[in-house]
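In case you want the letters, here they are:
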Amino acid sequence: MNLLYKSTRNAEKTVTASEAILKGLAEDGGLFVPVEIPKLDVTMDDLKDMSYQETAYAVMKQFFTDFTEEELKHCINSAYDEKFDTEVIAPLVKVGNTYHLELFHGATIAFKDMALSILPHLLTTSAKKNHVTKEIVILTATSGDTGKAALAGFADVPGTKIIVFYPKDGVSKVQELQMVTQKGKNTSVVAIHGNFDNAQSGVKALFEDKELEQELSQSGYQFSSANSINIGRLVPQVVYYVYAYAKLLENEEIVNGEKIKVTVPTGNFGNILAAYYAKQMGVPIAKLICASNENKVLYDFFQTGKYDKNREFVLTSSPSMDILISSNLERLIYTIAGQDAQKNAELMKKLNTEGVYEITAEMKEKLADFVGGYATEEETRETIRDTYRSTGYVMDTHTAVAAHVCKAYQTNSKDTLKALVASTASPYKFARSVMTSIDASYDAMDEFALIDELEKVSGVEIPKAIEEIRNADILHTKECEVDKMKETVKTILGVEV
Ligand SMILES: *Cc1c(COP(=O)(O)O)cnc(C)c1O
């Protein structure tokens, strides 16, 4: 069966998986979605004996039906290899009575590696399949982690260039150093004088700019996206939820068919949407708990059915979740609107013009699988400190937001299902916030002294990704205003401004 994809804003046109991956964003500004979510065609009993790579194939072949077995396996094996510091790729660690799915064992120590280590392979394979001869320019907005993971994935990949925009004062020290020290002739990194939403809206506007598309085309370029609006990022994220359930089963933590709940620290709504897709594929997930930081626009949405981005943007200690426009939510809105592209487009237009929309009661009913929660800065710190004191386990700030929300939900709802928490970053990436949560006096130390101290405290060896930036040269110093992103892109590509 050939699974086709549609834009969330257009009911007519369909494209293949490889075309959707190549385009990134649909021409009408919508996001590509499969016309239906495929079911797993293997049983959990089969899956529990599979490696990560085998699980990846079992899941992805259901979505990327125009890839041959050879092509897909080549992409998978090129992605999930010794770039990861563990053979199991995504280890499950029991912390207290919660299972942490550690998604940060890749090259850049955040969960973005799970998808961005395979996206370049999916994209170059898609380009070949569709006889694309132009050079592909990956334009990416980042709240800190996507940028580095995309740079690492695309550095020196033939036929591609990558340009990353990040909010100048909106990322951690380690995140910034990781990006500005990136090697590779085809990489560019730009700090914008604005926040992540500005960066993301700016990149989206460039994608929708027909004039720019023409100019680039004449110079031999075409755009694609490494953001989670690209379906080639979302699908690889479904894999680890299937894998986690199968491993819980293999380890006899659950019995086959037993329902679990999953908590995901959420920003752009990509990771939790992948868990929702996993549920629809057949993984017994009862509740999807969406955890926000103080930018709790999603929590309010799940409470009230009203999405309202008109509020103060808060810089928190979990910067990768400092987002007010969660772009992947559009895929869920489209689904609960009964795949009504017109209705979805109307709501998104309202978001664009008024910054707010409200779903109908009927749509809200279809959100019963979701629960929203949030953690304040103080609750986040407390969670890191208390977990460390009671178990010795040190978690990062984003994961702590989820761990807090999961626990609060359990207390309030009396839900006793086994709990899986998506653990999205290594504590090393946010060393200052993590260490000062444990003891405020650490704030006096400089960044790398803190990192050495974290090694002692956690007993976890300093990852290669951190050692790499300790003495690395700064290679990228570009900055730009929010309204100058177009000119910046043209200058980088050597297209007449
Ligand atoms: C990107 C990111 C998130 C948010 O994930 P979304 O898919 O954007 O919801 C959470 N934690 C970390 C560490 C991240 O890098």
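Because the structure is a prediction, the values reported are computed rather than measured. (Residues numbered from 1 in each chain as written. Predicted model: local features only at pLDDT ≥ 70, side-chain atom pairs only at ≥ 80, totals over all residues. Heavy atoms only, no water.)

**Thoughts on the UniProt feature "domain: Tryptophan synthase beta chain-like PALP" (unreviewed entry) in the protein chain**
(1) Moving on: Per the UniProt entry, the sites bearing "domain: Tryptophan synthase beta chain-like PALP" (unreviewed entry) are residues 101-410 in this numbering.
(2) Moving on: Between the end C-alpha atoms of residues 101-410 the distance is 18 Å, and the span holds 49% helix and 17% strand. (UniProt positions renumbered as here; feature names shortened; annotations may be inferred. Helix = DSSP H or I, 4+ residues; strand = E, 2+ residues; numbered from the N terminus.)

**Points about the packing of helix α4 (residues 69-79) against helix α6 (residues 119-129)**
When two helices pack together, their arrangement is given by the angle between their axes and by how far apart the axes lie.
(1) Moving on: One way to put it is that α4 packs onto α6 with a least axis distance of 9 Å and a crossing angle of 150°. Overall, the two elements α4 and α6 adopt an arrangement that is roughly antiparallel. When you trace α4 past α6, the crossing you get is right-handed. For the pair α4 and α6, the contacting residues are Glu71, Leu72, Cys75, Ser78 and Ala79 in the first and His121, Leu122, Thr125 and Lys129 in the second.
(2) Moving on: Tallied by class, the residues present in the contact of α4 with α6 amount to 4 nonpolar, 3 polar and 2 charged. (Axes fitted to C-alpha atoms, helices over the stretch in contact; angles between N-to-C directions. Parallel < 35°, antiparallel > 145°, perpendicular 65-115°, else oblique. Left-handed = near helix turned anticlockwise from the far one by under 90°. Contact = heavy atoms within 4.5 Å. Nonpolar A, V, L, I, M, F, W, Y, C, P; charged D, E, K, R; others polar.)

**Some remarks on the packing of aromatic side chains**
(1) Moving on: One pass over the structure, following the stated rule, counts 16 aromatic pairs.
(2) Moving on: Judged by centre distance (6.0 Å) and plane angle (35°), the rings of Phe269 and Phe370 are tilted. With Phe269 in the loop between β10 (260-265) and α12 (270-281) and Phe370 in strand β14 (residues 370-374), the pair connects residues that are 101 residues apart, well separated along the chain.
(3) Moving on: For Phe370, a relative accessible area of 7% corresponds to the buried category.
(4) Moving on: Chaining the aromatic ring pairs together yields one cluster made of Phe269, Tyr276, Phe301, Phe302, Tyr307, Tyr357 and Phe370.
(5) Moving on: A cation over a ring is seen here: Lys296 above Tyr374, with NZ or CZ 5.3 Å from the ring centre. (Phe/Tyr/Trp six-rings, centres within 6.5 Å; stacked < 30°, edge-to-face > 60°. Buried < 20%, exposed > 50% of the residue type's maximum accessible area, 1.4 Å probe, protein only. Lys NZ or Arg CZ within 6 Å of the ring centre and 35° of its normal.)

**Considerations on the environment of Thr424**
(1) Moving on: On the secondary structure map, Thr424 appears in the loop between β15 (418-423) and α19 (431-438).
(2) Moving on: C-alpha of Thr424 to C-alpha of His105: the two residues are 319 residues apart in sequence and 9.7 Å apart in space.

**A closer look at the pattern of salt bridges**
Side chains carrying opposite charge are able to pair once their charged atoms draw close together.
(1) Moving on: Counted according to the given criterion, the structure contains 28 salt bridges.
(2) Moving on: In this structure, Arg432 and Glu447 form a salt bridge, with 3.6 Å as the shortest nitrogen-oxygen distance. With Arg432 in helix α19 and Glu447 in helix α20 (residues 447-458), the pair connects residues that are 15 residues apart, well separated along the chain.
(3) Moving on: Overlapping salt bridges, with partners in common, bring together Lys13, Lys23 and Glu27 in one network. (Salt bridge = Lys/Arg side-chain N within 4 Å of Asp/Glu carboxyl O.)

**Re the site of the ligand**
(1) Moving on: As a matter of local geometry, the ligand sits amid 15 residues, with Lys112, Asp145, Gly267, Asn268 and Asn271 nearest to it.
(2) Moving on: Measuring from an oxygen atom of the ligand, one finds a backbone N or O atom of Gly270 at 3.2 Å.
(3) Moving on: In this structure, Thr424 approaches the ligand through a side-chain N or O atom, which is 2.9 Å from a nitrogen atom.
(4) Moving on: For the ligand, whose unbound accessible area comes to 380 Å², protein coverage reaches 98%.
(5) Moving on: The pocket occupied by the ligand, as judged from atoms lying within 2 Å of grid points, is the largest cavity. (Near = heavy atom within 4 Å. Polar contact = N/O pair within 3.5 Å; in protein donor to acceptor, adjacent residues only side chain to side chain. Areas by Shrake-Rupley, 256 points an atom, 1.4 Å probe, with all protein chains shown as cover. 1 Å grid on protein atoms, 1.4 Å probe; cavity = no way out; pocket = protein on both sides within 12 Å on 5 of 7 lines; lining within 4 Å. Sits in = over half its atoms within 2 Å of the grid points.)

**Observations concerning the sheet that holds β10**
(1) Moving on: Taking strand neighbours across the sheet as the criterion, the 6 strands line up as β4-β5-β15-β10-β11-β14 in an open arrangement whose pairing is mixed. Every interior strand has two partners, whereas the edge strands, β4 (92-95) and β14, have only one. If you compare each strand with its neighbour and ignore which way they point, the axes differ by 25° on average.
(2) Moving on: Summarising the sheet, β10 and strand β11 (residues 285-292) pair through 6 bridges and their orientation is parallel. Across the sheet, residue Thr263 finds its bridge partner in β11, namely Ile289.
(3) Moving on: Lying on the sheet, helix α11 (residues 231-250) is in contact with β4, β5 (98-102), β10 and β15; it crosses β10 at an angle near 140°.
(4) Moving on: Contacts between helix α13 (residues 297-304) and the sheet are confined to β11 and β14, with β14 contributing the most and set at about 135° to the helix. (Pairing = 2+ DSSP bridges.)

**Focus: α13**
The periodicity of an α-helix, 3.6 residues per turn, causes residues three or four places apart in sequence to face the same way.
(1) Moving on: Inspection of α13 places Val297, Leu298, Asp300, Phe301 and Phe302 among the buried residues, and these make up the whole buried set.
(2) Moving on: Considering only its buried residues, α13 is in contact with β11, β12 (306-308), α14 (329-336), β13 (356-358), α16 (361-365) and β14.
(3) Moving on: At the exit of α13 stands Gly305, carrying a positive phi of roughly 80°.

**Overview of the side chain of Thr488**
(1) Moving on: Looking at where Thr488 falls in the secondary structure, it is placed in helix α22 (residues 485-493).
(2) Moving on: In this structure Thr488 comes out as buried when scored by relative accessible area, which is 12%.
(3) Moving on: For Thr488, the side chain forms a polar contact with the main-chain oxygen of Lys484, separated by 2.7 Å.
(4) Moving on: Not counting the four nearest positions on each side in its chain, Thr488 is found in contact with Phe165, Val190 and Cys480.

**Observations concerning empty space enclosed by the protein**
(1) Moving on: Within this structure, the stated rule accounts for 4 cavities of 30 Å³ or more.
(2) Moving on: There is about 260 Å³ of room inside the largest cavity.
(3) Moving on: When residues of the lining of the largest cavity are traced back to their parent elements, those giving at least two are α7 (145-154), α11 and α12.
(4) Moving on: Among the residues forming the lining of the largest cavity, the class breakdown is 8 nonpolar, 14 polar and 3 charged.
(5) Moving on: There is about 50 Å³ of room inside the second largest cavity.
(6) Moving on: If you go around the second largest cavity, the residues you meet are Gln200, Val203, Lys204, Asn227, Ile229 and Ser327.
(7) Moving on: Per-class residue counts for the lining of the second largest cavity are 2 nonpolar, 3 polar and 1 charged. (Points joined across faces, edges and corners; volume = space filled by probe spheres on them.)

**Some thoughts on the UniProt feature "domain: Threonine synthase N-terminal" (unreviewed entry) in the protein chain**
(1) Moving on: Sites flagged by UniProt as "domain: Threonine synthase N-terminal" (unreviewed entry) map to residues 5-80.
(2) Moving on: Taken end to end, residues 5-80 is 45% helix and 16% strand, and its first and last C-alpha atoms sit 26 Å apart.

**Side note on the nonpolar core**
(1) Moving on: Grouped together as the largest cluster of nonpolar side chains are 113 residues, with contacts concentrated most on Tyr5, Met60, Phe64, Tyr241, Phe269, Ile333 and Tyr357.
(2) Moving on: Apart from residues no more than four positions distant in its own chain, Phe64 is found in contact with Tyr5, Ala17, Ile21, Leu72, Leu122, Ile231, Gly232 and Val235.
(3) Moving on: Listed in part, the 28 residues of the second largest apolar core include Val434, Met435, Leu450 and Val457. (Core = buried A, V, L, I, M, F, W, Y, C linked by side-chain atoms within 4.5 Å.)

**Topic: the environment of Asp415**
(1) Moving on: Counting through the fold element by element, Asp415 comes out in the loop between α18 (397-413) and β15.
(2) Moving on: Judged by relative accessible area, which is 15%, Asp415 ranks as buried.
(3) Moving on: For Asp415 and Lys261, which are 154 residues apart along the polypeptide, the C-alpha to C-alpha distance reads 9.1 Å.
(4) Moving on: Those residues in contact with Asp415, other than ones at most four positions away along the chain, are Lys261, Tyr409 and Gln410.
(5) Moving on: A polar contact is formed between the side chain of Asp415 and the side chain of Lys261, at a distance of 3.0 Å.

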